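So the chains spell out like this:
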Amino acid sequence: MSEERPTATVGIVTYGRPQYMARLLESLLDQTYFPDEIVVVDDSHAGPTREAVEDRASAFERRGTTLRYLPRSGPASMPGARNTVIDCSESDIVCFLDDDVVCEPEWFESILQGFEENPGMAAVGGPAISVDEDLEPLREIVHHPENQNHVDGYGGTTSRVKDWIPPAPVETDRLGGANMAFRRETLVSIGGFDLAYDRGPAKFEETDVMARLTREGHRLLYHPGALVHHFEARAGGSRTGMTRADLEESTGSPGTTCSSAGRTLSSRSGCPSFV
């Protein structure tokens, strides 16, 4: 790992899942390398979530990481909250994690390694293996060396992030929203996440970002070492207190798009310390 590594922000968007948040933060305290800051954007303004963050702020400070808590005003919105992380960050790299994952100790080191060893990559991510509460995989793990995450010319996608761990890093068509990182300036250049994806299950806004990045010639890397375990909790999350089934019934599933996000993000912003 280079001594002059890029600066990095880890953004976590959450809604009413303090127990999962606490478990995720504990895994981030056990990393081999640490980010410059972690920003928790809370769409629920839940007291227990804030407590889970505040209780660990000093432990992160001892590791050289600033832990921030940001209760977000307005309607719950995954793309809006992700854009809040981008706006607040002053780092070279912006990482996004779902609030119901647990990171392997080498997760962050592998993200940095992916960028440092592959300067042409605009984004790096890794497996988000579906697991039970004991971290046992819910699917049979596959280890194909070739790319398993595809986007066709019609906007259709195939994703194996839940059960695919390749033997080595591989260039891919898309990354999973639960575990992805971007060069901030590149993400800003395409307008960030499209607010048109405010409605429906929280999974289409990242597909749209991948499509816009690849359309403009940017490249994506899937790194096996950047592995997280994903509980995929049905209630709560980073959009509303409704379950995904409720959301699908009430809104329908939006299709993918390659349109511009149509918004302006600051090239360098920064936000106050929340913890």
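Each value, and the rule that gives it
- Residues numbered from 1 in each chain as written.
- Predicted model: local features only at pLDDT ≥ 70, side-chain atom pairs only at ≥ 80, totals over all residues.
- Heavy atoms only, no water.
- Pairing = 2+ DSSP bridges.
- Helix = DSSP H or I, 4+ residues; strand = E, 2+ residues; numbered from the N terminus.
- Axes fitted to C-alpha atoms, helices over the stretch in contact; angles between N-to-C directions.
- Contact = heavy atoms within 4.5 Å.
- Expected span 1.5 Å × (residues − 1).
- Buried < 20%, exposed > 50% of the residue type's maximum accessible area, 1.4 Å probe, protein only.
- Phe/Tyr/Trp six-rings, centres within 6.5 Å; stacked < 30°, edge-to-face > 60°.
- Lys NZ or Arg CZ within 6 Å of the ring centre and 35° of its normal.

Visitor: How should I be thinking about the sheet that holds strand β6 (residues 121–125) in this particular structure?
Guide: Within a sheet, each strand pairs with its neighbour through backbone hydrogen bonds, oriented either parallel or antiparallel. The strand order across the open sheet built from eight strands is β3-β2-β1-β4-β11-β6-β12-β10, with neighbouring strands paired in mixed fashion. Two strands lie at the open edges of the sheet, namely β3 (66–71) and β10 (170–172), each paired on one side alone. Averaged over all pairs of adjacent strands, the angle between strand axes in this sheet comes to 25°, irrespective of strand direction. Its contacts with the sheet put helix α2 (residues 47–54) on β1 (8–14), β2 (37–42) and β3, and the angle it makes with β3 is roughly 170°. Against the sheet, helix α5 (residues 107–117) contacts β1, β4 (93–98), β6, β11 (179–183) and β12 (219–222), and its axis sits at roughly 160° relative to β6.

Visitor: Looking at this structure, I do not really get helix α7 (residues 204–215). What am I missing?
Guide: Because each turn of an α-helix spans 3.6 residues, side chains separated by three or four positions in sequence point in the same direction. With 12 residues, α7 extends 17 Å between its outermost C-alpha atoms, agreeing within 8% with the 16 Å of an ideal straight helix rising 1.5 Å per residue. For α7, the tally of buried residues reaches 10 of 12 residues, placing the bulk of the element in the interior. Among all positions in α7, only Phe-204, Glu-205, Glu-206, Thr-207, Asp-208, Val-209, Met-210, Ala-211, Arg-212 and Leu-213 are buried. Looking at the packing, one finds that the buried side of α7 touches α4 (78–88), β9 (157–158), β11, α6 (184–189) and β12.

Visitor: Can you help me understand the packing of aromatic side chains in this one?
Guide: Describing an aromatic ring pair means giving the distance of the ring centres and the angle of the ring planes. Across all of its chains, the model carries six aromatic pairs by this definition. Each ring, one from Trp-164 and one from Tyr-222, has its centre 4.3 Å from the other, and the planes form 5°; the classification is stacked. With Trp-164 in the loop between β9 and β10 and Tyr-222 in strand β12, this pair connects stretches of sequence that are 58 residues apart. Side by side, Trp-164 and Tyr-222 carry an identical accessibility label, which is buried. Between Phe-182 and Phe-193, the ring centres sit 6.3 Å apart and the planes meet at 85°, which makes this aromatic pair edge-to-face. Placement of the pair is Phe-182 in strand β11 and Phe-193 in the loop between α6 and α7, with a sequence separation of 11 residues. Summarising the burial analysis for this pair, Phe-182 and Phe-193 share the class buried. Following the ring pairs from residue to residue traces out a cluster consisting of Phe-96, Phe-182 and Phe-193. The residue whose ring lies beneath Arg-17 is Tyr-20, and the NZ or CZ to ring-centre distance is 5.8 Å. Taking the ring centre of Phe-193 as reference, the NZ or CZ of Arg-82 above it sits at 5.5 Å.

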